[in-house]
Amino acid sequence: MAVETLSVCDPTLLADIRRYGKFDPTGCYQCGSCTLTCDLVDDTVTFPRRSIRYALLGLRQPLVQSLDPWVCHDCGECSIACPRQAEPRISMLTLRRFLSAQYDWTGIAPTLLQSTAWYVGSLIFVAALTFLLILGYHLWYVKMPATQLVTTPLGLEHMFPLMTYYTLTVILVPLLLLLSRVLRIWRLTMSAEERAHIPFSAYVAEFGTYVDQSVTHSLMRKCPDRGRWLGHWGLALGTVMMLTIKVFGLKWFQTDNLYPFYNPQRWLGYLATGLILYGMGEIFLGRLRAQKEIYKETRFQDLAFPILLVLTVLSGLAAHIFRYAGFGLTCHLLYALHIVIATPMLLVEMSFGKWAHMVYRPLALYFLAVRQRAGRQAPAAEVVPHAV
Ligand code: HEM
Ligand code: SF4
Ligand code: SF4
């Protein structure tokens, strides 16, 4: 039975969605050009229009159950092809924000994703709190006189083991928060009927899809701009490498010891940094190469993560360069700046912002593959990786 026949029209849905960004596909006359243009579909499906139609028709439950917005990789080809300037790419972007808010049980994501002021405020608040923590640590914990704060360098090692606990907290808390939503997403996106009928074996059999999408992001490879996938893959790999090093090898990585160039402590750090910067370069150049108007609706909530990631990497790299150049105090101050930038990125972006897609996207593709394996309705089934 089609899900939508069970749903009642909710006249407030459209207004709810528009709180998360531009959603104005009313000029759409269902010509299907977007579907024909999108690399993710064949001619039998209504992707990307289906979830947009749900929204226009006020079908809240089917929309929340829809995983299609997570399949879209934001290339913008559909918006270029649209003869009515209905901007399906932007609609999908807004729907992703709307869905992210539904997935969050804390109620914080809706506030942050609806209001740029709250979003900016939360980043500034966490950054300020981090700064005060650093200040308080030096003044009261290390008992450093205030006059020496900007004149006297301390070795990095004075921070251990406190710094280890801090790093573990700011990385693992948002990660656990994200993972705590998995069950809720499953309940929201799979109907009661599906939950009852899809056998557990289908979830086990398709688990490889989850791993594959998390590690290789292979669906993105269908984007005609190949550099985009490669750049993003390098960026994600570099970020995961950095996080893993910080969680498991902080004391080894953040030290005053000077190592020769061939030591893994150095080249692993350079490799991760290089991958992230290469990926970010690809993203920014890709945007410049693309037709500018398709990116005109970019919201602060989408830009904050790439910007914070670049600033985190650059401040860490600068601290490293100054340490090796023998400027202890500059290194120390840059390291403090690095922490002040990285903390809001981890706590706000990973928990509630754009970065949450690292869990939502592979999870959506996994659930689609599970549905398809169990022979349930096949929304955008053609895009499920194992079927293409
Ligand atoms: C540590 C992990 C990850 C990091 C650091 C990361 C980083 C990013 C960044 C910075 C962007 C923004 C690009 C832009 O503004 O144009 C982005 C976009 C994207 N990411 Fe990731 N990502 C990660 C994991 C994943 C995973 C696991 C998937 C897919 C299965 C994925 C799929 C995408 C897609 C399709 C986009 C383009 C659409 C959009 O901007 O929402 N990412 N990613
Ligand atoms: S191309 Fe534009 S007008 Fe045509 S179906 Fe897609 S969104 Fe609607
Ligand atoms: S923006 Fe999304 S829906 Fe549009 S063509 Fe690209 S992948 Fe398809």
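Up top is the structure these notes are about.
Residue numbers run consecutively from 1 along every chain, following the written order of its sequence. Written order determines the labels here, with chains lettered from A and ligands numbered from 1. Residue-level local features of this predicted model are given only where pLDDT is at least 70; pairs of side-chain atoms are given and counted only at 80 or more, and the full residue set underlies all totals for whole chains, interfaces and linings. Neither water nor hydrogens contribute to the side-chain values; these are computed over all heavy atoms in the structure.

1. Focus on the coordination of the iron atom of ligand 1
Defined as follows: Only nitrogen, oxygen and sulfur atoms count as donors, using a 2.8 Å cut-off from the metal that widens to 3.2 Å for Na, K and Ca. Water is left out, so coordination shells may look unfilled. Labels for metal geometry use angle windows, namely 85 to 135 degrees for all angles of a four-donor tetrahedral site, and for square planar (four donors) or octahedral (six donors) sites opposite donors over 155 degrees apart plus all others within 65 to 115; sites meeting none of these are irregular. The helix and strand labels rest on DSSP assignments: H or I over at least four residues marks a helix, E over at least two residues marks a strand, and numbering proceeds from the N terminus. Exposure classes here rest on a 1.4 Å probe applied to the protein chains alone. A residue is buried below 20% of its type maximum, exposed above 50%, and partly exposed in between.
Binding of the iron atom of ligand 1 to the protein goes through His232 (NE2) and His357 (NE2), at separations of 1.9 to 2.0 Å. Around the iron atom of ligand 1 sit 6 donor atoms; with metal-centred angles ranging over 87 to 179°, the donor geometry is octahedral. Of this pair, His232 sits in helix α15 (residues 226-248) while His357 sits in helix α20 (residues 357-373); the two residues are 125 residues apart in sequence, bridging distant segments of the chain. An identical accessibility class is assigned to His232 and His357; each is buried.

2. Describing the site of ligand 2
For clarity, the cut-off: Neighbouring residues are identified by heavy atoms, a residue being near a molecule or strand if any of them is within 4 Å of it. Polar here means any residue other than Ala, Val, Leu, Ile, Met, Phe, Trp, Tyr, Cys and Pro, which are nonpolar, and Asp, Glu, Lys and Arg, which are charged; Gly is therefore polar.
Around ligand 2 sit 13 residues, and of these Cys28, Cys31, Gly32, Cys34 and Cys82 come closest. Classifying every residue of the shell around ligand 2 gives 8 nonpolar, 3 polar and 2 charged.

3. Considerations on the nonpolar core
Condition: Only buried residues count toward a nonpolar core, which is a set of Ala, Val, Leu, Ile, Met, Phe, Trp, Tyr and Cys residues joined through side-chain atoms within 4.5 Å. Boundary definitions for the domains trace back to an automatic or database domain assignment.
One finds Ile17, Phe47, Leu63, Leu95, Phe98, Tyr360 and Phe367 to be the most contacted residues of the largest nonpolar core, which totals 75 residues. Counting contributing residues per domain, this core is built from domain 1 (3-103) and domain 2 (112-361), each supplying no fewer than three. Formed by 13 residues, the second largest nonpolar core is a distinct cluster that contains Met163, Leu250, Ala319 and Leu334.

4. Digging into the side chain of Arg323
Selection rule: Under the convention used here, Asp and Glu are negative, Lys and Arg are positive, and both His and the chain ends fall outside the count. One speaks of a salt bridge when a side-chain nitrogen belonging to Lys or Arg is within 4 Å of a carboxyl oxygen belonging to Asp or Glu. Within 3.5 Å is the distance limit for a polar contact, defined as a pair of N or O atoms, with the added protein rule that one can donate a hydrogen and the other accept it, and that residues adjacent in sequence qualify only through two side-chain atoms.
As for its placement among the helices and strands, Arg323 is situated in helix α18 (residues 300-324). At 4.8 Å, Asp256 is the nearest oppositely charged side chain to Arg323, a buried residue that forms no salt bridge. There is a polar contact of 3.2 Å between the side chain of Arg323 and the backbone oxygen of Asn257.

5. Side note on the environment of Gln65
For Gln65, the location among the structural elements is in helix α4 (residues 60-65). Through-space distance from the C-alpha of Gln65 to that of Arg49 is 15 Å; in sequence the pair is 16 residues apart.

6. A closer look at helix α10 (residues 162-179)
Put simply, the rule is: By this rule the span expected of a helix is its residue count minus one, scaled by 1.5 Å. Whether two residues are in contact is decided by their heavy atoms: any pair within 4.5 Å suffices.
A rise of 1.5 Å per residue sets the reference length of α10, with its 18 residues, at 26 Å; its end C-alpha atoms lie 26 Å apart and thus fit the reference within 8%. Turning to α10, its buried residues are Met163, Thr167, Val170, Ile171, Pro174, Leu177 and Leu178. Its buried side turned inward, α10 meets α11 (182-189), α15, α16 (250-253), α19 (328-352) and α20.

7. What about unusual backbone geometry?
The linkage connecting Phe47 with the following residue, Pro48, adopts the cis geometry, with an omega of 5°. Within the element layout of this structure, Pro48 appears in the loop between α2 (33-37) and α3 (49-56). For Glu87, which is not glycine, the phi torsion reads 50° and is therefore positive. Here Glu87 is to be found in the loop between α6 (77-81) and α7 (88-103). A relative accessible area of 12% places Glu87 in the buried class.

8. Overview of the pattern of salt bridges
With the rule as written, the count across this model stands at 12 salt bridges. Linking Asp10 and Arg60 is a salt bridge whose minimum nitrogen-to-oxygen distance equals 2.7 Å. Of this pair, Asp10 sits in the segment before α1 (13-18) while Arg60 sits in helix α4, and the two are 50 residues apart along the sequence. Classification of Asp10 by relative accessible area gives buried; the value is 18%. Owing to a relative accessible area of 23%, Arg60 belongs among the partly exposed residues under this scheme. Notably, a salt bridge pairs Asp16 with Arg19, separated by 2.5 Å at the nearest N-O pair. Overall, Asp16 belongs to the buried group, its relative accessible area being 19%. Arg19 sits in the partly exposed class, given a relative accessible area of 42%.

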